[in-house]
Amino acid sequence: MIIDTTEVQDINSFSRLESFKEFYGIIWMLVPILSLVLGITIGVLVIVWLEREISAGIQQRIGPEYAGPLGILQALADGTKLIFKENILPSRGDTRLFSIGPSIAVISILLSYSVIPFSYHLVLSDLNIGVFLWIAISSIAPIGLLMSGYGSNNKYSFLGGLRAAAQSISYEIPLTLLCVINISLSNSSSTVDIVEAQSKYGFWGWNLWRQPIGFFVFLISSLAECERLPFDLPEAEEELVAGYQTEYSGIKFGLFYVASYLNLLVSSLFVTVLYLGGWNISIPYIFVPELFEINKVGRVFGTTIGIFITLAKTYLFLFISIATRWTLPRLRMDQLLNLGWKFLLPLSLGNLLLTTSSQLLSL
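The shown structure was predicted, so the numbers you read here are calculated from the model rather than taken from an experiment.

Another aspect to go through is the UniProt feature "transmembrane region" (unreviewed entry) in the chain. Within this numbering scheme, the UniProt entry marks residues 23-50, 97-116, 128-147, 255-277 and 297-322 as carrying the feature "transmembrane region" (unreviewed entry). Secondary structure content for residues 97-116 is 80% helix and 0% strand, while the C-alpha to C-alpha distance between its ends is 30 Å. Taken end to end, residues 255-277 is 91% helix and 0% strand, and its first and last C-alpha atoms sit 31 Å apart.

The next thing to look at is helix H14 (residues 333-362). Here H14 spans 42 Å end to end across 30 residues, near enough to the 44 Å set by a 1.5 Å rise per residue. Met 333, Leu 336, Gly 340, Leu 344, Leu 345, Ser 348, Asn 351, Leu 352 and Thr 355 are the residues of H14 that are buried. In this structure, the buried side of H14 is in contact with helix H6 (155-186) and helix H9 (212-225).

Another point: a nonpolar patch on the surface. Judged by side-chain polarity, Ile 26, Ile 27, Trp 28, Met 29, Leu 30, Val 31, Ile 33, Leu 34, Val 37 and Leu 124 come together as a nonpolar surface patch covering roughly 910 Å² of accessible area. Within the fold, Leu 124 resides in the loop between helix H3 (95-112) and helix H4 (130-138). Take Leu 124: its relative accessible area is 37%, and that puts it in the partly exposed class.

What follows concerns the layout of surface pockets. Considering only enclosed or pocket space, the largest pocket measures out at about 1,200 Å³ in volume. Together, 43 residues line the largest pocket, and Val 48, Gly 254, Tyr 257, Val 258 and Tyr 261 are the ones closest to its centre. Mapped onto the lining of the largest pocket, the elements with two or more residues apiece are helix H1 (5-58), helix H2 (74-83), H3 and helix H11 (250-275). If you tally residues by element for the lining of the largest pocket, the top one is H11, at ten residues. A class-by-class count of the residues in the lining of the largest pocket yields 24 nonpolar, seven polar and twelve charged. What the second largest pocket holds in volume is close to 560 Å³. Forming the boundary of the second largest pocket are 20 residues, of which Pro 32, Ser 35, Leu 36, Phe 118 and Leu 122 lie nearest the centre.

The residue Gln 60 is not glycine, and still its phi comes out positive at about 60°. Tracing the sequence through the fold places Gln 60 in the loop between H1 and H2. One non-glycine residue, Leu 70, adopts positive backbone phi at about 60°. Relative to the assigned elements, Leu 70 resides in the loop between H1 and H2. The exposed category is assigned to Leu 70, whose relative accessible area is 62%.

Turning our eyes to something else, we now look at empty space enclosed by the protein. Applying the stated rule across the entire model yields one cavity of 30 Å³ or more. Its volume calculated, the largest cavity comes out at about 270 Å³. Ala 141, Leu 145, Glu 225, Glu 227 and Asn 263 are the residues nearest the centre of the largest cavity, which is lined by 22 residues in total. At the level of elements, H3, H4, helix H5 (141-151), H6, H9 and H11 are the ones that each hand at least two residues to the lining of the largest cavity. Broken down by element, the lining of the largest cavity gets its largest block of residues, five residues, from H11. The residue inventory of the lining of the largest cavity, partitioned by class, reads 13 nonpolar, six polar and three charged.

When a protein is soluble and globular, its nonpolar side chains tend to lie buried together. If you look at the biggest cluster of nonpolar residues, it comprises 63 residues, and the most contacted ones within it are Tyr 113, Phe 218 and Leu 274. Looking at this core element by element, the count peaks at twelve residues for H11. Those residues in contact with Leu 274, other than ones at most four positions away along the chain, are Val 131, Cys 179, Asn 182, Ile 194, Gln 198, Asn 207 and Phe 218. Counting five residues, the second largest nonpolar core, distinct from the first, contains Val 192, Val 195, Val 273 and Trp 279.

Taken as a whole and assessed by the stated rule, the structure comprises eleven aromatic pairs. Among the aromatic residues, those joined into a cluster by ring pairs are Trp 134, Phe 215, Phe 218, Phe 270 and Tyr 275.

So, about the pattern of salt bridges. Taken as a whole and judged by the stated rule, the model has five salt bridges. A salt bridge links Asp 232 to Arg 330; the nearest nitrogen and oxygen atoms lie 2.7 Å apart. Placement of Asp 232 in the loop between H9 and helix H10 (237-240) and of Arg 330 in the loop between helix H13 (299-325) and H14 is noted, with a sequence separation of 98 residues between them. You can call Asp 232 buried: its relative accessible area is 10%. For Arg 330, a relative accessible area of 23% gives the class partly exposed. Residue Arg 332 pairs with Asp 334 through a salt bridge whose shortest N-O separation is 3.0 Å. You can call Arg 332 partly exposed: its relative accessible area is 49%. Where salt bridges share partners, they join Glu 51, Arg 228 and Arg 325 into one cluster.

Rules used in this analysis
Residues numbered from 1 in each chain as written. Predicted model: local features only at pLDDT ≥ 70, side-chain atom pairs only at ≥ 80, totals over all residues. Heavy atoms only, no water. UniProt positions renumbered as here; feature names shortened; annotations may be inferred. Helix = DSSP H or I, 4+ residues; strand = E, 2+ residues; numbered from the N terminus. Expected span 1.5 Å × (residues − 1). Buried < 20%, exposed > 50% of the residue type's maximum accessible area, 1.4 Å probe, protein only. Contact = heavy atoms within 4.5 Å. Patch = residues over 30% accessible without salt bridge, like charges linked within 9 Å, V, L, I, M, F, W, Y side chains within 5 Å. Areas by Shrake-Rupley, 256 points an atom, 1.4 Å probe, with all protein chains shown as cover. Salt bridge = Lys/Arg side-chain N within 4 Å of Asp/Glu carboxyl O. 1 Å grid on protein atoms, 1.4 Å probe; cavity = no way out; pocket = protein on both sides within 12 Å on 5 of 7 lines; lining within 4 Å. Points joined across faces, edges and corners; volume = space filled by probe spheres on them. Nonpolar A, V, L, I, M, F, W, Y, C, P; charged D, E, K, R; others polar. Core = buried A, V, L, I, M, F, W, Y, C linked by side-chain atoms within 4.5 Å. Phe/Tyr/Trp six-rings, centres within 6.5 Å; stacked < 30°, edge-to-face > 60°.

What follows is the structure, given as structure tokens:
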């Protein structure tokens with residue numbers, strides 16, 4: 001059997017071309033994911049710097065000023081220091097749970113960013129169940145904290161993990177009910193559709209005005225989910241040393257702080273999406289209709305404007321969260337659970353009943 005040399009060369013070149021196309025497709029698929037991770041990392045570094053500067057201003061201190069201009073590299077310096085610190089494992093603890101816990105806490109929160117729209121059609125995955133996906137994924141993070149506390153073989157760590165699980169369960173139910181209300185207002189559980197439903201009348205079309213009680217409950221519940229003061233009982237240093245992270249050191253210790261700030265950022269982004277109109281400009285359509293369409297005209301320019309508007313609203317909520325930390329004292333555990341089960345849950349159920357009743361009557 002005689003095989004033509006040119007045919008073999010054509011087959012080889014075709015197979016190389018197909019391999020190159022597959023490689024190019026994989027790289028192109030990874031570009032948006034890596035870009036999102038890079039943006040999230042920069043956002044977390046900015047939050048850490050803002051928290052230190054705002055905290056210093058409230059307490060009349062100077063704050064970070066030596067690591068880079070205005071101290072903007074301080075968080076990067078702290079992270080580098082933690083990377084090179086020794087990783088200590090408890091001798092009688094469960095090593096597997098101890099090592100897996102921080103990773104579960106970080107990864108579960110990172111997955112939530114996949115359904116957040118940062119601008120007009122700038123979303124990693126526009127799913128029809130976007131809001132419910134966030135609720136489902138965010139409920140996995142406390143499991144990682146509970147695993148960390150149990151694997152540490154330390155009673156303070158285990159109590160901190162149990163507190164984190166109890167707190168998460170208590171405040172996830174009001175969050176879920178409020179998300180259901182927003183879905184009923186926009187007739188969709190897609191985050192993009194929820195933003196589009198608020199876009200007609202500028203800031204007058206925000207769900208903030210249609211659901212002021214829901215916004216108030218969502219604000220408190222998101223702070224409790226992020227374990228921010230006055231709801232930081234899982235790591236109350238006066239009672240539990242450092243809670244579930246007492247036995248940790250090095251980069252694993254740093255992962256808990258990364259998870260905390262990631263959760264704070266994703267909660268702020270969801271407040272922006274669900275109640276503050278997302279990427280849409282706040283000027284009412286009837287006043288300046290040209291500005292209303294500004295984020296749909298010109299792909300790069302419109303996307304940039306949309307990202308800027310989204311981040312401006314997000315960091316406004318972050319400022320409120322940071323200022324709250326230095327304004328209110330920490331609650332007791334019984335006060336925290338009473339607030340969740342006896343106040344916020346009935347308030348959310350009543351709000352859901354009123355909203356559904358008004359929608360049924362308007363049909």
